[in-house]
Amino acid sequence: MAASSRAQVLRLYRALLRESQRFSAYNYRTYAIRRIRDAFRENKNIKDSEKIEEQLNKAKASLEVIHRQV
């Protein structure tokens, strides 16, 4: 994975976790954080650039959803 792509993934990961911390309800907050961590761990070994881009787009959409719900 290119350094810029890795940095982009890490930046998105941190943004998702940070935004999830803003949920007021404990159950929503812990569920969102657990799902984010699990999803990133599950996809950490993907090498195909198309699949990486697809997963990044999914994560960006999730970030927008979390942002609207918080």
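Quick summary incoming for the structure in this document. On a predicted model such as this, the values are computed, not experimentally measured, just so you know.

Further remarks concern the layout of surface pockets. Quantified by volume, the largest pocket comes out at close to 840 Å³. Contributing to the lining of the largest pocket are 28 residues, with L16, I36, A39, F40 and A59 lying nearest its centre. Secondary structure elements with two or more residues in the lining of the largest pocket: α1 (3–20), α2 (26–42) and α3 (49–69). Broken down by class, the residue content of the lining of the largest pocket amounts to 18 nonpolar, 4 polar and 6 charged.

We now examine the side chain of E19. Relative to the helices and strands, E19 is located in helix α1. A distance of 3.0 Å separates a polar atom in the side chain of E19 from a polar atom in the side chain of H67. Ignoring anything within four residues of it in the chain, the contact list for E19 reads L63, I66, H67 and V70.

Right, let's get into the packing of α1 against α3. Close contact between α1 and α3 brings their axes to 10 Å; oriented N to C, the two are set at 25 degrees. As summarised for this structure, α1 and α3 are arranged roughly parallel, according to the angle between their axes. Crossing handedness for the pair α1 and α3: left-handed. For the pair formed by α1 and α3, the contact residues are S5, Q8, V9, L12, A15, L16, E19 and S20 on the first element and I52, L56, A59, K60, S62, L63, I66 and H67 on the second.

For the rest of this paragraph, the subject is the environment of H67. Among the secondary structure elements, H67 is positioned in helix α3. Separated by 51 residues in sequence, H67 and L16 have C-alpha atoms that sit 9.0 Å apart. H67 has contacts with E19 and R22, leaving out every residue within four places of it along the chain.

Turning our eyes to something else, we now look at α1. Here α1 spans 26 Å end to end across 18 residues, near enough to the 26 Å set by a 1.5 Å rise per residue. Buried residues of α1: S5, V9, L12, A15, L16, L17, E19 and S20, and no others.

Another aspect to go through is the packing of α1 against α2. To describe two helices that pack against each other, one gives the angle between their axes and the distance between the axes. For the pair α1 and α2, interaxial distance at closest approach is 9 Å and the crossing angle is 165 degrees. Taken together, the axis directions place α1 and α2 in an arrangement best described as roughly antiparallel. The element α1 and its partner α2 pack so that their crossing is left-handed. Listed contacts from α2 to V9, Y13, L16, L17 and S20 of α1 are R29, A32, I33, I36, R37 and F40. Here the residues of the contact of α1 with α2 are counted per class, giving 8 nonpolar, 1 polar and 2 charged.

Conventions adopted
- Residues numbered from 1 in each chain as written.
- Predicted model: local features only at pLDDT ≥ 70, side-chain atom pairs only at ≥ 80, totals over all residues.
- Heavy atoms only, no water.
- 1 Å grid on protein atoms, 1.4 Å probe; cavity = no way out; pocket = protein on both sides within 12 Å on 5 of 7 lines; lining within 4 Å.
- Points joined across faces, edges and corners; volume = space filled by probe spheres on them.
- Helix = DSSP H or I, 4+ residues; strand = E, 2+ residues; numbered from the N terminus.
- Nonpolar A, V, L, I, M, F, W, Y, C, P; charged D, E, K, R; others polar.
- Polar contact = N/O pair within 3.5 Å; in protein donor to acceptor, adjacent residues only side chain to side chain.
- Contact = heavy atoms within 4.5 Å.
- Axes fitted to C-alpha atoms, helices over the stretch in contact; angles between N-to-C directions.
- Parallel < 35°, antiparallel > 145°, perpendicular 65-115°, else oblique.
- Left-handed = near helix turned anticlockwise from the far one by under 90°.
- Expected span 1.5 Å × (residues − 1).
- Buried < 20%, exposed > 50% of the residue type's maximum accessible area, 1.4 Å probe, protein only.

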